[in-house]
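Fold and contact review
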Amino acid sequence: MDRRAYLQSLFLAPLAGSLIASSARAQDASTIDWTRLPSSYSYGRTEAEKQTDAELFAESYFREHELLTIAVLCDIILPGDHPNGGALDAGLPDFVEFMVKDRQQYKLPVRGGIAWLDNYALDNYGADFIHIEESQRLAICDAIAYPDVDTPELQPGIAFFSLMRNLTLTGYYTTEAGIRDLGYVGNRPNVWDGVPEAVLQKHGKQYDTEWLNKCVDQSRREITAEWDDDGNLIS
Amino acid sequence: MAQQQYDVIVVGSGAGGGMATYQLANAGLSVALVEAGDYYDPADEAQRTQLRWPWESPRRGASTRRRPFGDYNSCIGGWELDGEPYTNKDDTDFMWWRARMLGGRTNHWGRIALRFGPLDFHRRDIDGLGDNWPIGYEDVKPYYDRLDRLVGVYGSNEGLPNDPDGFFLPAPKPRLHELYYIDAARSLGVPVIPARKSILTKRINDERGVCFYCSQCSRACGIHADFSSSTVLIYPALRGGRVDLYSNAMVREVTTDDQGLATGVAYIDKETGQDAELRGRSVVLAASACSSARILLNSRSARHAQGLGNSNDHVGRYLHDSTGASRAAFIPELIDREIYNEDGTSGMHVYTPWWLEDQNLDFPRGYHLEIGGGMGMPSYGFGFAANQYNAFLGERVGGYGNGLRDDIRRFYGSRLSIACRGESIAQYDNRCELDPTVVDEWGIPVLRFDYHWTEHEINQARHMQDSMEALLEAAGGTVLGNKPGADQDYGLTKPGEIIHEVGTTRMGDDPATSVTNSFGQLHDARNVFVADGGTFVSQADKNPTWTILALAWRQADYLVEQMQQRNI
Ligand SMILES: Cc1cc2nc3c(=O)[nH]c(=O)nc-3n(C[C@H](O)[C@H](O)[C@H](O)COP(=O)(O)OP(=O)(O)OC[C@H]3O[C@@H](n4cnc5c(N)ncnc54)[C@H](O)[C@@H]3O)c2cc1C
Ligand code: SF4
């Protein structure tokens, strides 16, 4: 396939992951909702891989209560009151659920972490994490969101929160909204011609001429390469 | 069914097999190319992973057992293959990476394309260790020169004594983190030059496109602007009409006659599970160093009781991989940097070749440094430990809420990393052999590895750690993690982990101590050749593929000549 046809074929492919704005930080956790992610994907898989992924999607691991707790946590970690949307807009609960099934080593830590959180909420505020007041939930998060806290009885909660923060952020920044939020502008055909001048200046760097002489003259990239007998490029 | 006799049967379609097929078919010979994996084309929409966004994968590009280097890596294979185990003897921990696809590992290799230098062919003369090659740089140079022009490699002529010049395409400009590295290296008197990679920064012919800088060669390039054996050598060879491709065909053994010469190969058709045979005047094994050794060891007959080519018990011995170690740093000056598209070509644009050749060190042989960093596309794992660098700035790590967005942006692209790749000493006792009891799903005995590093490699790794630390600090970096000490062999990678395993069918003039002659032709059967890294006597600190390709071309010329002279 030539370059033009190939590139055209790429950009005809529909882009998944469009946003459906949903809940900002939920008041009543039991009505929390989020953008649903697709449950089938097509991206150059072998038959064996297709089957594995289909099995993963078919598997149900979390109970309703656990999923809601995950959703509430994702929403706290990356709330929706932001122009690029939050965790729920980006479908994070679905992503976390998939990853936990995909990576067996997360299953127990996430299930156990949710149970720990509920026990802690019950002991301190008299109900499950998702059934206490929002201010109470945030108070718990304040206690477990920082790894430098060395209170022994909080350590399981701190480990769980770190895991949830990792999964939430990685899930968010790998969606269209997250890429926009970050400002990553690659993954498209272009021509790299060095660090922008202003950036060089800001960092006190420069290209020296000797090095630049070894670099590609992008205006001649389509001219077929020819060398003299000593290996000097002459085209 | 009466079957055709091919001039040559090539087993395996990676670097060596692709070059053999291309050259032999171009010379007018009929070729059967037998490949254990399936047909593969990165431009085929059903197989394409290039230019996909992370959200097109449910796991956002995370690794799986089947794709250990990530969901979008163009590898069908990996460290574990369904139905094809291998074993380790005693406390050996050899890691064996295998691809099962047209083009083999050249679909997802790093495209780092380094020639060996003159010294690399006779290291024994210099330090008394290992053995010299039976050939020198001058024998291979003409093939490197042709290879550069046929396949394409960017780089620069530097006039270095042991990192030879060539016919390079122009190099891409360094990225910002690479400029930090360049300054750091220069401040310490460490050389740094443009990388050498088989990526087309300029057109070389009408069939292949010119790199559009997506940084995704590990996903394989749909416009064929990087080197894969399939896209660059095998498709053109198939179009020439003299090559029959047998895919999903797992070769069990080379069949031989009463004189001990090869008559063809026996294989399993993986789609039907049936045994089948092909007949040929000659056989070129290019199944990767260890797989070719395995095929030879499994090719037993009355004439070759210990396996084909193994009358001296050398097949599988002298197995050696590159050494490796790596380290990374946080560069505070790169905090809050401008964000722009710096994808560039895949991987590094600059590197440091070995620079201490004449120094008196407590280890032999050298290593080179590969540089990493930059503002790559997020994929699974991005955002983990989002604000860990706060610790270096006296700020609090952790938290939640929209402030995390600022942390992510702030630290994006502020990492600089170095990976070292060094030369190990090939050892008689480091080997792969047939496991006495374990077989794969087709009943073929599998390989068992027995491999231990020596003090040479461990001392070298200690030196790597010191170099990396000094360079990262000179770049203004705060080095991350703890420096691995003696208890961890200084962070030395496991044998096999760098995926440069070679040496199992080494070449030599003496049939008592080598498996093939200097053209990769078996001493024990003149119509059987090895075209992969198995023939390496030593591997230099240079990644092996450019030399595999050059030697396979040289071998093809010899094979054609031998056939013309009716010696085969
Ligand atoms: C991630 C990665 C990065 C790398 N980066 C670099 C780099 O930057 N520079 C470098 O020089 N090298 C690099 N390498 C190494 C490089 O890929 C190998 O050196 C090269 O591919 C070896 O070529 P080969 O001829 O041995 O065949 P391979 O590429 O190993 O292919 C062998 C083929 O033979 C087939 N086969 C095996 N057994 C049988 C059988 N019994 N019957 C039929 N077919 C069989 C396999 O299916 C496979 O397709 C890298 C490797 C990996 C995995
Ligand atoms: S970096 Fe260049 S050669 Fe590599 S895949 Fe992208 S376009 Fe192709």
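Let us look at the structure shown here. Predicted model only: the values in this text are computed from it and were never measured.

What chain A contains, in helices and strands, is 10 helices and 0 strands. Helices (α) and strands (β) of chain A occur, in sequence order from the N terminus, as α-α-α-α-α-α-α-α-α-α. Counting over 235 residues, chain A shows a buried share of 50%. Expressed as a percentage of contacts within chain A between residues at least 6 apart in sequence, the contacts between residues at least 24 apart total 61%.

This part covers the pattern of salt bridges. Per the counting criterion, the structure on display carries 54 salt bridges over all chains. In this structure, Glu342 of chain B engages Arg337 of chain B in a salt bridge whose closest nitrogen and oxygen atoms are separated by 3.3 Å. Its relative accessible area of 4% is what places Arg337 of chain B among the buried residues. Through salt bridges with shared partners, one network takes in Arg45, Glu49, Asp53, Asp102 and Arg103 of chain A together with Arg59, Arg67 and Asp71 of chain B.

Residue and element names in this part refer to chain B. Taken together, 37 residues are adjacent to ligand 1, and Glu35, Arg105, Gly110, Ile112 and Thr545 come closest. One of the backbone nitrogen or oxygen atoms of Ala99 is found 2.9 Å away from an oxygen atom of ligand 1. If ligand 1 stood free it would expose 1,000 Å²; the protein chains cover 95% of that surface. Contributing elements (two or more residues each) for the shell around ligand 1: helix H1 (15-26), strand S8 (249-256), helix H6 (289-298) and helix H9 (545-564).

Below, the discussion takes up the interface of chain A and chain B. Taken together, the 101 residues of chain A in the interface contact 98 residues of chain B. For the pair chain A and chain B, the summed buried surface comes to about 8,600 Å²; carbon and sulfur atoms form 58% of the total. Looking at the side of chain A facing chain B, the largest losses of area belong to Asn187, Trp192 and Trp211 of chain A, adding up to 10% of the total buried there. Summed over the shared surface of chain A and chain B, the number is 11 salt bridges. Note that Lys205 of chain A is salt-bridged to Asp183 of chain B, the shortest N-O span being 2.7 Å. Along the lines of polarity and charge, the residues of the side of chain A that touches chain B split into 51 nonpolar, 26 polar and 24 charged.

On to the packing of helix H3 (residues 137-151) of chain B against H9 of chain B, then. Describing two packed helices takes the angle between their axes plus the distance from one axis to the other. Residues and elements named next belong to chain B. Following both chains from N to C, one finds H3 and H9 inclined at 110 degrees, their axes separated by 9 Å at the closest point. When the axes of H3 and H9 are compared, the pair comes out roughly perpendicular. Touching Asp139, Val140, Tyr143, Tyr144, Arg146, Leu147, Asp148, Leu150 and Val151 of H3 are Trp546, Thr547, Leu549, Ala550, Leu551, Trp553, Arg554 and Asp557, all from H9. The class makeup of the residues in the contact of H3 with H9 is 11 nonpolar, 1 polar and 5 charged.

What follows is about the site of ligand 2. Lining the immediate environment of ligand 2, one finds 14 residues, of which Cys211, Cys214, Ser215, Cys217 and Cys221 of chain B sit closest. Its residues placed into classes, the shell around ligand 2 shows 8 nonpolar, 5 polar and 1 charged.

All names here are of chain B. Taking burial as the measure, the 8 residues of strand S11 (residues 323-330) include 7 buried ones, the bulk of the element. Both S11 and strand S14 (residues 415-422) contribute to a ladder of 8 bridges, which runs antiparallel. Along S14, the bridge assignment pairs Phe330 with Arg415.

Before going further, it helps to spend a moment on unusual backbone geometry. The general pattern is negative phi for most residues beyond glycine and trans for most peptide bonds. Residues and elements named next belong to chain B. Although it is not a glycine, Leu51 adopts a positive phi angle of roughly 60 degrees. With respect to the helices and strands, the residue Leu51 is situated in the loop between strand S2 (31-34) and strand S3 (77-78). Here the phi dihedral of Arg111 falls at roughly 65 degrees; this positive angle occurs in a residue that is not glycine. Looking at where Arg111 falls in the secondary structure, it is placed in the loop between strand S5 (98-99) and helix H2 (123-127). On the basis of relative accessible area, Arg111 is assigned to the buried category, the value being 0%.

All names here are of chain B. For Arg431, the location among the structural elements is in strand S15 (residues 431-439). On the accessibility criterion, Arg431 (14% relative accessible area) is buried. Polar side-chain contacts of Arg431 include one of 3.3 Å to the side chain of Asp313. In this structure, Arg431 is in contact with Asp313, Gly316, Arg317, Leu319, Arg448, Phe449 and Asp450, ignoring residues within four places of it in sequence.

Cut-offs applied
Residues numbered from 1 in each chain as written. Chains lettered and ligands numbered in written order. Predicted model: local features only at pLDDT ≥ 70, side-chain atom pairs only at ≥ 80, totals over all residues. Heavy atoms only, no water. Helix = DSSP H or I, 4+ residues; strand = E, 2+ residues; numbered from the N terminus. Buried < 20%, exposed > 50% of the residue type's maximum accessible area, 1.4 Å probe, protein only. Contact = heavy atoms within 4.5 Å. Salt bridge = Lys/Arg side-chain N within 4 Å of Asp/Glu carboxyl O. Near = heavy atom within 4 Å. Polar contact = N/O pair within 3.5 Å; in protein donor to acceptor, adjacent residues only side chain to side chain. Areas by Shrake-Rupley, 256 points an atom, 1.4 Å probe, with all protein chains shown as cover. Buried area = accessible area lost by both parts, 1.4 Å probe. Nonpolar A, V, L, I, M, F, W, Y, C, P; charged D, E, K, R; others polar. Axes fitted to C-alpha atoms, helices over the stretch in contact; angles between N-to-C directions. Parallel < 35°, antiparallel > 145°, perpendicular 65-115°, else oblique. Pairing = 2+ DSSP bridges.

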